[in-house]
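So you can see what is in the structure, the chains are spelled out below.
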Amino acid sequence: MTKATQHTVIIGGSSGIGLATARKLLGPGMKVTITGRNEEKLKSAWKSLGGAADKAAFDAAKPDEVSGFFERLGPFDHLVLAASGGKGLGLFPTLDLTDIGSGVDEKVRPQLSCLQAALPTLNKAGSVTFISAVSAQLAMPGVAGIAAINGMLLTVVPILAVELKPLRVNVVAPGVIDTPWWDFLAEEQRQELFADYAGKTPVGRIGRAEDVAEAIAFLVSNSFMTGQVLTCDGGLRYAA
């Protein structure tokens, strides 16, 4: 059995893009640890990976739990920040602006908190990959709030790439991806929305978690990529 020479930690690795990334990266030469808040959900994800990954249950929104996890973990090489949130959708005239703050607390703050806590043990020749969203690049009604949240991550990445060098820092901005993020919609509504976006998107379909996982894997493996926004949206931002 080949011993892993690299170790990737995926925050929010129990479903969707995070879990697909774990599946993509796992293999000879790469050890993966997935994390999540819900222990049962995390265990199910771990089982779907054949028990080949390590797992750790903690809440990325709680700084004490975050710092405790990284202190126990020890040295590692790559950090993928897939913690997500669902706040900020809606037309601006009726948008509850407190949702923007809640969205920052759900997504932006946990991603930044995890990176900050990881810095003492994260390999400086390794990488960090944030997960934002294409909403921050769309001129489309109804996304102003969620665009403000995700735009924070797009803005901070080039700064961190310079400040934390030689550690590589990048961000992936997914488009409309078929993941449990959309489970707040009824099945019929979700399929109607997916069909609508598939018709708008130049590639003629919505995305799969595996599409984004491939983009993340590229940034993890390419030692000449830093400070970059890699948009994986099927061209939606040009057609919306």
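Anything mentioned here points back to the structure above.
Scoring rules and cut-offs
- Residues numbered from 1 in each chain as written.
- Predicted model: local features only at pLDDT ≥ 70, side-chain atom pairs only at ≥ 80, totals over all residues.
- Heavy atoms only, no water.
- Helix = DSSP H or I, 4+ residues; strand = E, 2+ residues; numbered from the N terminus.
- Rg over C-alpha atoms; globule rule 2.2 N^0.38 Å.
- Buried < 20%, exposed > 50% of the residue type's maximum accessible area, 1.4 Å probe, protein only.
- Contact = heavy atoms within 4.5 Å.
- Areas by Shrake-Rupley, 256 points an atom, 1.4 Å probe, with all protein chains shown as cover.
- Lys, Arg positive; Asp, Glu negative; His and termini not counted.
- Charge placed at Lys NZ, Arg CZ, Asp CG, Glu CD.
- Pairing = 2+ DSSP bridges.
- Axes fitted to C-alpha atoms, helices over the stretch in contact; angles between N-to-C directions.
- Core = buried A, V, L, I, M, F, W, Y, C linked by side-chain atoms within 4.5 Å.

Colleague: Help me understand the overall build of the chain in this model?
Modeller: Helices and strands together make up the secondary structure of the chain, namely eight helices and nine strands. Scaling as 2.2 N^0.38, a compact globule of 240 residues should have a C-alpha radius of gyration of about 18 Å, and the chain matches this with 17 Å. Considering only C-alpha atoms, the chain reaches an extent of 50 × 35 × 35 Å along its principal axes. When each of the 240 residues of the chain is scored for burial, the buried share is 49%. Contacts spanning at least 24 positions in sequence make up 70% of the contacts within the chain whose residues lie at least 6 apart. For the chain, the accessible surface area stands at approximately 11700 Å², while carbon and sulfur atoms represent 55% of it. Considering the chain, the positive charge centre built from 22 side chains and the negative charge centre built from 23 side chains are found 7 Å apart.

Colleague: Got a minute to help me understand the sheet that holds strand E4 (residues 76-81) in this structure?
Modeller: The strands making up a sheet are joined through hydrogen bonds of the backbone, oriented either antiparallel or parallel. Across the sheet, seven strands lie side by side as E3-E2-E1-E4-E5-E6-E9; this open sheet has parallel pairing. The open sheet is flanked by strand E3 (54-57) and strand E9 (229-232), the only strands paired with a single partner. Ignoring which end each strand starts from, the neighbouring axes of this sheet average 20° apart. As judged from the four bridges shared by strand E1 (residues 6-11) and E4, these two strands associate in the parallel manner. Each bridged residue has a counterpart across the sheet, and for Ile 11 the counterpart in E4 is Leu 81. Relative to E1, helix H3 (residues 63-73) is tilted by about 165°, and along the sheet it contacts E1, strand E2 (30-36), E3 and E4.

Colleague: I keep staring at the environment of Gly 86 and nothing clicks. Help me out?
Modeller: Of note, Gly 86 is situated in the loop between E4 and helix H4 (98-118). For Gly 86 and Phe 184, which are 98 residues apart along the polypeptide, the C-alpha to C-alpha distance reads 9.0 Å. Contacts of Gly 86, omitting those with residues within four sequence positions, involve Glu 106 and Trp 181.

Colleague: Quick question: what am I supposed to make of the nonpolar core here?
Modeller: Across soluble globular proteins, nonpolar side chains show a tendency to be buried alongside one another. Counting 31 residues, the largest nonpolar core has Ile 11, Phe 70, Leu 79, Leu 115, Val 128 and Phe 130 as its most contacted members. Contributions of two or more residues to this core are made by E1, H3, E4, H4, strand E5 (122-131), helix H5 (144-163) and strand E6 (168-174). Setting aside its immediate chain neighbours within four residues, Leu 115 contacts Leu 79, Leu 81, Leu 122, Val 128, Phe 130, Leu 160 and Leu 164.

Colleague: What exactly am I supposed to notice about the environment of Tyr 197 here?
Modeller: Inspection of the secondary structure puts Tyr 197 in helix H6 (residues 187-200). The class for Tyr 197 is buried, based on a relative accessible area of 14%. C-alpha of Tyr 197 to C-alpha of Ala 144: the two residues are 53 residues apart in sequence and 18 Å apart in space. Among all residues touching Tyr 197, those that are not within four sequence positions of it are Met 140, Val 176, Ile 206 and Leu 236.

Colleague: Where do I start with the pairing of E6 in this structure?
Modeller: Within a regular strand, side chains alternate between the sheet's two faces. A large share of E6 lies buried, amounting to seven of its seven residues. Every second residue of E6 is oriented toward a common face, with Arg 168, Asn 170, Val 172 and Pro 174 on one face and Val 169, Val 171 and Ala 173 on the other, all of them buried. Note: E5 against E6, five bridges, orientation parallel. Across the sheet, Phe 130 pairs through a bridge with Val 171, a residue of E6. Sheet topology note: the E6/E9 ladder contains four bridges and is parallel. Note on E9: the bridge partner recorded for Val 171 is Val 229.

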